[in-house]
Amino acid sequence: MPASRNATRTRLSRDGVLRTALALADRNGLDGLTMRALADELGVEAMSIYYHLPNKDAILDGVVEEVFAEVEAEVGGFEVPEATDGARWATALRERILGARRVLLRHPWAPWIMNARGASGPNAMRHVDGIVGIMRAGGMSYDLIHHALHAIGSRVYGYVQELSDDKAAPAPVELEQLAALAPNLAGMLGEVAHDDPDSTLGWCDDQTEFEFGLDLLLEGLERRRVAGVQPLSG
């Protein structure tokens, strides 16, 4: 192998490749994160990247891990904070989840990778472990925590996976057409619109709706914790 390629391989590192991939996705979106574009950004041939990360999937998993490293810094670590006993667990958990959301709003392409590939790397796992720890410190049983994680869903990671897209308010003519088929839905959409695009992560997921749903879930879990009501296992 030519000496120049040896030197390139020496200069490259896995962390450096992933940091560059993260910046490229931030700038150009996921469609712009191609192996060719990444190689050009690094000033190398694509084969040099494969020495550190074997394929595109490894890069996608790696940039999600970079995002959760940023989450860890944002929330001051994934350890369970002090004084999370009693009702204080909900405040601690809310702050942890909203910290993750702040990071995802800086990287709005990340939920799409997590929806497609999950978030099973060490950093993401430690994030979830900290969330479980917060609920456990608040006095919840593991059974209730397990059900709580299912209820909270992707909010654990700072976003909501929605099935419908209502980012843009429908035009009046569209509402009129919709009213013939679904008058109640048309009435709601005619009155309610999401008007804060900077706080949105895709499918009908703006900050107001995210916090509304999160607070409902936390309040319900706290009522169950206080009452000692456990869900049916299964």
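Before any of the text, the structure's been laid out above.
Since the model is a prediction, treat every value here as computed from it, not as a measurement.

Participant: Can you walk me through the overall build of the protein chain in this structure?
Facilitator: If you tally the helices and strands in the protein chain, you get twelve helices and zero strands. Going from N to C terminus, the protein chain has its helices and strands arranged as α-α-α-α-α-α-α-α-α-α-α-α. Considering the protein chain as a whole, with its 234 residues, one finds that 39% of them fall into the buried category. Long-range contacts, defined as pairs at least 24 residues apart, comprise 75% of the intrachain contacts of the protein chain with a sequence gap of at least 6. By element, 54% of the accessible surface of the protein chain is carried by carbon and sulfur atoms, the whole surface being about 12,900 Å².

Participant: Which parts of the structure should I look at to understand the pattern of salt bridges?
Facilitator: Opposite charge on two side chains permits them to pair, given that their charged atoms come into close proximity. Counting across every chain of the model gives eleven salt bridges. The partner of Arg-117 in a salt bridge is Asp-57, with the nearest N and O atoms 3.4 Å apart. With a gap of 60 residues between them, Arg-117 in helix α7 (residues 110-117) and Asp-57 in helix α5 (residues 56-75) connect regions that are remote in the sequence. Judged by relative accessible area, which is 35%, Arg-117 ranks as partly exposed. For Asp-57, a relative accessible area of 38% corresponds to the partly exposed category. Taking the shortest distance from any N to any O, the salt bridge between Glu-211 and Arg-94 comes out at 2.8 Å. One end of the pair, Glu-211, is in helix α12 (residues 207-227); the other, Arg-94, is in helix α6 (residues 88-106), with 117 residues separating them in the sequence.

Participant: I tried to follow the packing of aromatic side chains on my own but got confused; where do I start?
Facilitator: Applying the stated criterion across every chain yields a total of one aromatic pair. Residues Phe-68 and Tyr-157 carry aromatic rings whose centres are separated by 5.8 Å and whose planes lie at 80° to one another, so their mutual orientation is edge-to-face. Pair noted here: Phe-68 is in helix α5 and Tyr-157 is in the loop between α9 (142-152) and α10 (172-181), with a separation of 89 residues, a long-range link. Positioned above the aromatic ring of Phe-210 is the side chain of Arg-101, whose terminal nitrogen or guanidinium carbon lies 4.4 Å from the ring centre. The ring of Tyr-142 has Arg-136 lying over it, and the distance from NZ or CZ to the ring centre is 3.9 Å.

Participant: I would appreciate a short explanation of the nonpolar core in the present structure.
Facilitator: The nonpolar side chains of soluble globular proteins are, as a tendency, buried together. Counting residues in each nonpolar core, the largest one holds 34 residues, and the members touching the most others are Ile-49, Ile-59, Trp-109 and Met-114. Mapped onto this core, the elements with two or more residues apiece are α2 (14-28), α3 (35-42), α5, α6 and α7. The dominant element in this core, judged by the number of residues it contributes, is α5, at eight residues. Setting aside chain neighbours within four positions, we find Ile-59 in contact with Leu-18, Ala-21, Met-35, Leu-38, Ile-49 and Leu-53. Among the nonpolar cores identified, the runner-up in size contains 22 residues, and Ala-90, Val-156, Val-160 and Leu-218 belong to it.

Participant: Got a minute to help me understand the packing of helix α8 (residues 122-137) against α9 in this structure?
Facilitator: One can describe the packing of α8 onto α9 by two numbers: an axis separation of 10 Å at closest approach and a directional angle of 135°. Between α8 and α9, the crossing angle belongs to the class labelled oblique. The element α8 and its partner α9 pack so that their crossing is right-handed. In contact with Ile-131, Val-132, Met-135 and Arg-136 of α8, α9 contributes Tyr-142, Ile-145, Ala-148 and Leu-149. Here the residues of the contact of α8 with α9 are counted per class, giving seven nonpolar, no polar and one charged.

Basis of the calculations
Residues numbered from 1 in each chain as written. Predicted model: local features only at pLDDT ≥ 70, side-chain atom pairs only at ≥ 80, totals over all residues. Heavy atoms only, no water. Helix = DSSP H or I, 4+ residues; strand = E, 2+ residues; numbered from the N terminus. Buried < 20%, exposed > 50% of the residue type's maximum accessible area, 1.4 Å probe, protein only. Contact = heavy atoms within 4.5 Å. Areas by Shrake-Rupley, 256 points an atom, 1.4 Å probe, with all protein chains shown as cover. Salt bridge = Lys/Arg side-chain N within 4 Å of Asp/Glu carboxyl O. Phe/Tyr/Trp six-rings, centres within 6.5 Å; stacked < 30°, edge-to-face > 60°. Lys NZ or Arg CZ within 6 Å of the ring centre and 35° of its normal. Core = buried A, V, L, I, M, F, W, Y, C linked by side-chain atoms within 4.5 Å. Axes fitted to C-alpha atoms, helices over the stretch in contact; angles between N-to-C directions. Parallel < 35°, antiparallel > 145°, perpendicular 65-115°, else oblique. Left-handed = near helix turned anticlockwise from the far one by under 90°. Nonpolar A, V, L, I, M, F, W, Y, C, P; charged D, E, K, R; others polar.

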